[in-house]
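# Structural description and commentary
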Amino acid sequence: MKISIFGMGYVGVVSAACLLRDGHEIIGVDPVAAKVADLSQGRSPIQEPGVPELLAKGYQAGRLKATTETSQALAGSEMVWICVGTPSRPDGGIDLSSVETVIKQIGRCLAGSADRPLIVLRSTCLPGTTSNHVIPLLEKESGLTVGKDIHVVFHPEFLREGTAVDDFFSPPKIVIGQAGSGAGNLLVEVYRNYHAPMFRLKLGEAEVVKYYDNLFHALKITFANEVAAVAKSAGVDARKVAEVFCADTKLNISSHYLRPGPAFGGSCLPKDLRAILRFAAVNSLRLPVLESVLASNEVQIKNLVARILSYRPRTVGMVGLAFKTNTDDMRESPYVKVAKELIGEGIKLKIYDPAVQPDRLIGSNRQQVQEALRHLEKLLVSSPEDLCATDLIVVNHAIIDADCIHSWLAAGIRVLDVANIKGVDRRADGYEGIYW
Ligand SMILES: NC(=O)c1ccc[n+]([C@@H]2O[C@H](COP(=O)([O-])OP(=O)(O)OC[C@H]3O[C@@H](n4cnc5c(N)ncnc54)[C@H](O)[C@@H]3O)[C@@H](O)[C@H]2O)c1
């Protein structure tokens, strides 16, 4: 396939080298003449293991060219990869000027030619950029209609500098964001012999995937270093602890605790966080990430309350009061806090949680819930049907099924789903997921 690549930086050059290995014909485009001069002689303008050899081979085979001219690159191209930089502006916002320049250049060329290459945006861009900026700009400059005359996909890159060639050939995943169902078909062909899970998503979803990854990676590094500082100050070798931590692939290095949903609570996480933060303060350690975890969790709870209140309900039903399903432990339960806030706002509350039996609560569990909800037994109901005479039901625990939710919706009750109940019709009137 003939592919032109705009932006001969780390991503663009690595992509060029790897696509050459796969037998494609590549034209690299960059306004920096020195980069084009290097590539035009089969030399790499970047330092990256494996890249010079792949570029040299492709060049010798006559399949590598480079230019500063958009029209020269586009002529006959079946696909255009856009790999220009999206750096930070001084205020921290994303600088899309290179993406905009390239789109304008490509759009103008397409207006005067019969070429209709698939446009593949690889630069990391904020959610909404492809739909709200890139596509309208391309349509304006080219006079074409995206989805009819030409297709645009967002295809995030996951390579890491230093191991970029290996990462390109063995990616953790291949993500293609597209507006119409078949828009990315030509790109799928490029990866025919690659072994990686492929996800074909909506444009916005694909854009968010890239940030989800990078934010998590930044958080992981910071987390490991903050916990290591705690270990070190206690005279413990943090490397050993990290080894044990990473060996736990059931709860630690796994998808556990990584799904969007409710705030955390219970008898361990808040208490242990507070203890470590106090230990850090006493030992003059600064742990900015860990210090903000409890505050962030409180924001989740406050947001849930604000969302419930925004519907101005007089009566609210709650499914689940304990800090999680299948326990009667209500110590630091986020739902006890939500219930208390709602009662404070004058809302009549009905709670269904079969695990909670007030006469069987003892110790600190009893004490804490009594402090927050003095007349708990009057709030509890014995079946989900008892929640029917409410204006809004918040589902905190997955102890009811989709049929139950559909029957509430049919009765005109709004449902706010925190627990991601399987099988619910997401488009049903009155249904709202906490993050979906
Ligand atoms: N570097 C990485 O490891 C990596 C990994 C994944 C994703 N990304 C993302 O990929 C994008 C590119 O990153 P990079 O590190 O390769 O950037 P880079 O700064 O190394 O390269 C960008 C290139 O684009 C060129 N350019 C600017 N305007 C142009 C135009 N109008 N036409 C053609 N070329 C133009 C620049 O001259 C430069 O050579 C960014 O959005 C980045 O966030 C980077």
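Here the structure is a predicted model, which means the values were calculated and not measured. (Residues numbered from 1 in each chain as written. Predicted model: local features only at pLDDT ≥ 70, side-chain atom pairs only at ≥ 80, totals over all residues.)

Helices and strands together make up the secondary structure of the chain, namely 17 helices and 14 strands. Oriented by its inertia axes, the alpha-carbon framework of the chain measures out at about 80 × 60 × 40 Å. For the chain, the share of sequence-separated contacts (at least 6 apart) that also reach a separation of at least 24 residues comes to 67%. (Helix = DSSP H or I, 4+ residues; strand = E, 2+ residues; numbered from the N terminus. Contact = placed C-beta atoms within 7 Å.)

Looking now at the sheet that holds strand β10 (residues 348-352). The pairing of strands in a sheet comes from backbone hydrogen bonds and takes either a parallel or an antiparallel form. Spatially, the six strands line up as an open sheet ordered β11-β10-β9-β12-β13-β14, and their pairing is parallel. Strands with a single pairing partner mark the edges of an open sheet, and in this sheet they are β11 (380-381) and β14 (431-433). The strands touched by helix α17 (residues 402-410) are β12 (392-395), β13 (414-417) and β14; relative to β13, the strand with the most contacts, the crossing angle is about 145 degrees. (Pairing = 2+ DSSP bridges. Axes fitted to C-alpha atoms, helices over the stretch in contact; angles between N-to-C directions.)

With that settled, consider the site of the ligand. In the region of the ligand, 25 residues are neighbours, and G7, G9, V11, G85 and S123 sit closest. When contributions to the shell around the ligand are tallied by element, the ones reaching two or more residues are α1 (10-21) and α5 (97-111). (Near = placed C-beta within 6 Å.)

Bringing the domain arrangement of the chain into the picture now. With domains assigned, the chain is organised as domain 1 (2-204) and domain 2 (296-433). In this structure, domain 1 and domain 2 have C-alpha centres spaced 48 Å apart. (Domains from an automatic or database assignment.)

Attention shifts here to unusual backbone geometry. Note: most peptide bonds trans; most residues except glycine with negative phi. The residue S284 is not glycine, and still its phi comes out positive at about 55 degrees. Relative to the assigned elements, S284 resides in the loop between α11 (269-282) and α12 (288-291). One non-glycine residue, N326, adopts positive backbone phi at about 65 degrees. Structurally, N326 is set in the loop between β9 (315-319) and α14 (334-344).

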